[in-house]
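What follows is each chain in one-letter form.
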Amino acid sequence: MFETTVTLTRDIVSEYQSAFLKKGRFQKMVIIYAVVVALFAAYVLLSPQKGGMRYLLLLAPVLLGWFVYKKVSNLASQEYMRYVSANNGEDLSVVYTIDETGINGVSGAQGNSMAFTYDQMTRVVETENLYVVFLKTHMVIPLAKAGFTKGTPEECKAWIESKIGV
């Protein structure tokens, strides 16, 4: 019914990682972390402690926040490098076929295959170049809008959403 090819370049991986982080549980974690840091900072600033210990206590959540930010900002780069190393140093191309049973993908020179049924999918998010299909397993399937060789991107999105009940 539909077919698209996506080449997992560094930019494409960053784009779908960004969609995943914005729409997933990560966003809720960031909000909770910000509230906890604000409460901790207010506690430290209002506490009767004086001098250097007060500033050290204030520095702890800032350093923890920086560590979390650096870890998350490297996720896309690490994932991209895994794809490249698994594909003999080249960007990895995946051909996705969308039909009655779900989404099937064939990737790389070795022809590794994957299959996803509609009951595994939760929603479709549109980015600039992709439709990102979210799975219940906290994974995503990036479908390149420009890579469609069968059907149109808009029809494909509508098809998937009808199958998953969105």
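Cut-offs used in this document
Residues numbered from 1 in each chain as written. Predicted model: local features only at pLDDT ≥ 70, side-chain atom pairs only at ≥ 80, totals over all residues. Heavy atoms only, no water. Salt bridge = Lys/Arg side-chain N within 4 Å of Asp/Glu carboxyl O. Helix = DSSP H or I, 4+ residues; strand = E, 2+ residues; numbered from the N terminus. Buried < 20%, exposed > 50% of the residue type's maximum accessible area, 1.4 Å probe, protein only. Pairing = 2+ DSSP bridges. Axes fitted to C-alpha atoms, helices over the stretch in contact; angles between N-to-C directions. Contact = heavy atoms within 4.5 Å. Patch = residues over 30% accessible without salt bridge, like charges linked within 9 Å, V, L, I, M, F, W, Y side chains within 5 Å. Areas by Shrake-Rupley, 256 points an atom, 1.4 Å probe, with all protein chains shown as cover. Phe/Tyr/Trp six-rings, centres within 6.5 Å; stacked < 30°, edge-to-face > 60°. Lys NZ or Arg CZ within 6 Å of the ring centre and 35° of its normal.

The subject of this paragraph is the pattern of salt bridges. Enumeration according to the criterion identifies three salt bridges in this entry. Ionic pairing is found between Lys163 and Glu100, a salt bridge with its closest N-O pair at 3.1 Å. Taken together, the residues span a long stretch of sequence, with Lys163 in helix α5 (residues 153–164) and Glu100 in the loop between β2 (92–98) and β3 (102–107) at a distance of 63 residues. Between Glu161 and Lys157 there is a salt bridge, and its shortest N-O distance comes to 3.6 Å. With a gap of four residues between them, Glu161 and Lys157 both fall in helix α5, about one helical turn apart. Taking the relative accessible area as the measure of exposure, Lys157 reaches 21% and is therefore partly exposed.

Sheet strands pair via backbone hydrogen bonds, and the direction of the pair is either parallel or antiparallel. One open sheet accounts for three strands, arranged β5-β6-β7; its pairing is antiparallel. Of all the strands in the sheet, the pair left with one neighbour each is β5 (121–126) and β7 (140–144). If you compare each strand with its neighbour and ignore which way they point, the axes differ by 20° on average. Against the sheet, α5 contacts β5, β6 (130–135) and β7, and its axis sits at roughly 155° relative to β5.

Together, Leu56, Leu59, Val62 and Leu63 line one region of the surface with nonpolar side chains, adding up to about 380 Å² of accessible area. Residue classification places Leu59 among the partly exposed positions, given a relative accessible area of 41%.

Right, let's talk about the packing of aromatic side chains for a bit. All told, the structure shown has one aromatic pair when counted by the stated rule. Summarising the aromatic geometry, the rings of Phe2 and Trp159 are spaced 6.3 Å apart at their centres and angled 50° between planes, so their arrangement reads as tilted. Of the two residues, Phe2 sits in strand β1 (residues 2–8) while Trp159 sits in helix α5, which places them 157 residues apart along the sequence. Of the residues examined, Phe2 reaches a relative accessible area of 7% and is grouped as buried. Take Trp159: its relative accessible area is 17%, and that puts it in the buried class. The residue whose ring lies beneath Arg123 is Phe134, and the NZ or CZ to ring-centre distance is 4.3 Å. The ring of Tyr131 carries Lys145 above its face, with NZ or CZ at 5.1 Å from the centroid.

This part is about the pairing of β1. Judged by which residues are buried, β1 turns out to be one-sided: Phe2, Thr4, Val6 and Leu8 face inward and are buried, whereas Glu3, Thr5 and Thr7, on the alternate face, are not. One ladder, built from seven bridges, connects β1 with β2; its direction is antiparallel. Residue pairing for β2: Thr4 is matched across the bridge by Tyr96. Strand direction decides the pairing type here: β1 and strand β8 (residues 148–150), joined by two bridges, are antiparallel. Paired with Glu3 across the strands is Lys150, a residue of β8.

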